[in-house]
Amino acid sequence: MRALKRASLRARSRGFSLIELMVTVAIVAVLAAIALPSYRRYVLQGNRTDAIKALAFYQQALERCYSQSFTYTGCAQIPAMPVATTDGYYSITLPTLTNTTYTLQATAAGTQASDTQCSTFTITQAGVQAAQDSSTNDQTQACWGGR
């Protein structure tokens, strides 16, 4: 009886076999291959708020300027463009600026440049919002919803 107990204790204390270890590694690799691209997509979507915040900030500054002087040009609150956003994920430019119109544009930069679905955000003085999908060159408004 004692010999049987010793034999069963030795069998349990041997550890993992190489096959068991390889199966575990394979399972972890499959899970990582599924999870990482999904995680990266959600991070890119979350970073889009950086562009939306910056465009709203500069749009408000331009509207304050217009309400004081009835022109969008010569606004002291607007720095020289291009300007990087707070978190650095986008570059803000002012491609169109006249006395009565403007277009603000946020272009993805750095690590955010891999977000081809919403690579460029624009907003005009009329409040028209658009986003450019660089992979298809289509305009979309879905990016402004945050997802």
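Presented here is an overview of the structure given in this document. If you're wondering where the values come from, they're calculated on a predicted model, not measured in any experiment. (Residues numbered from 1 in each chain as written. Predicted model: local features only at pLDDT ≥ 70, side-chain atom pairs only at ≥ 80, totals over all residues. Heavy atoms only, no water.)

### A short note on helix α2 (residues 18-69)
The test is simple: What counts as a helix is a DSSP run of H or I of at least four residues, what counts as a strand is a run of E of at least two, and both are numbered from the N terminus. Expected helix span is taken as 1.5 Å per residue step, with the number of steps being one fewer than the number of residues.
Its 52 residues place the ends of α2 77 Å apart at the C-alpha level, agreeing with the 76 Å of an ideal helix rising 1.5 Å per residue. Once α2 finishes, Phe70 follows within two positions and takes phi at roughly 60°, a positive value.

### Some words on the sheet that holds strand β5 (residues 129-133)
Keep this limit in mind: Note: two strands are recorded as paired if DSSP finds a minimum of 2 bridges between them.
Taken together, 6 strands build an open sheet; the order of strands is β1-β2-β3-β4-β5-β6 and the sheet is antiparallel. Each end of this open sheet is capped by a strand with a single partner; those strands are β1 (83-84) and β6 (138-140). By the bridge criterion, 5 bridges tie strand β3 (residues 102-108) to strand β4 (residues 120-124) in an arrangement that is antiparallel. Opposite Ala106, over in β4, you have Phe121 as the bridge partner.

### Quick look at the environment of Leu44
Our working definition: The contact definition used throughout considers only heavy atoms, calling two residues in contact when any of these lie within 4.5 Å.
Mapped onto the elements of the fold, Leu44 is located in helix α2. Considering only alpha carbons, one finds Leu44 and Gln117, 73 residues apart in sequence, at a separation of 9.7 Å. Apart from residues no more than four positions distant in its own chain, Leu44 is found in contact with Thr111, Gln112, Ser114 and Asp115.

### Observations regarding the environment of Thr24
Selection criterion: Here a polar contact is taken to be a pair of N or O atoms separated by no more than 3.5 Å, where protein atoms must pair a possible hydrogen donor with a possible acceptor and residues adjacent in sequence count only if both atoms sit in side chains.
Its place among the elements puts Thr24 in helix α2. Engagement of the side chain of Thr24 in a polar contact is seen with the backbone oxygen of Glu20, the distance being 2.9 Å.

### Describing the packing of aromatic side chains
Rule in force here: Only rings of Phe, Tyr and Trp enter the pairing, Trp through its six-membered ring, and a pair is recorded when the two centres are within 6.5 Å. The plane angle decides the type: under 30 degrees is stacked, over 60 is edge-to-face, the rest tilted. For every residue, the accessible area obtained with a 1.4 Å probe (protein chains only) is divided by the maximum for its type, and the residue is called buried under 20%, exposed over 50%, and partly exposed between those limits. Put simply, a charge is over a ring when the Lys NZ or the Arg CZ is close to the ring centre, within 6 Å, and near the line of the ring normal, within 35 degrees.
For the structure on display, the rule yields 6 aromatic pairs. With 5.1 Å between their ring centres and 80° between their planes, Phe57 and Tyr58 make a pair best called edge-to-face. On the basis of relative accessibility, which here comes to 48%, the residue Phe57 falls in the partly exposed class. With 6.4 Å between their ring centres and 75° between their planes, Tyr66 and Phe70 make a pair best called edge-to-face. Exposure remark for Tyr66: the relative accessible area of 27% places this residue in the partly exposed category. In this structure Phe70 comes out as exposed when scored by relative accessible area, which is 63%. One aromatic cluster is present, built from ring pairs that chain together Tyr66, Phe70, Tyr72 and Tyr102. For the cation-ring pair, Arg41 lies above Tyr42, with the distance from its terminal atom to the ring centre recorded as 5.4 Å.

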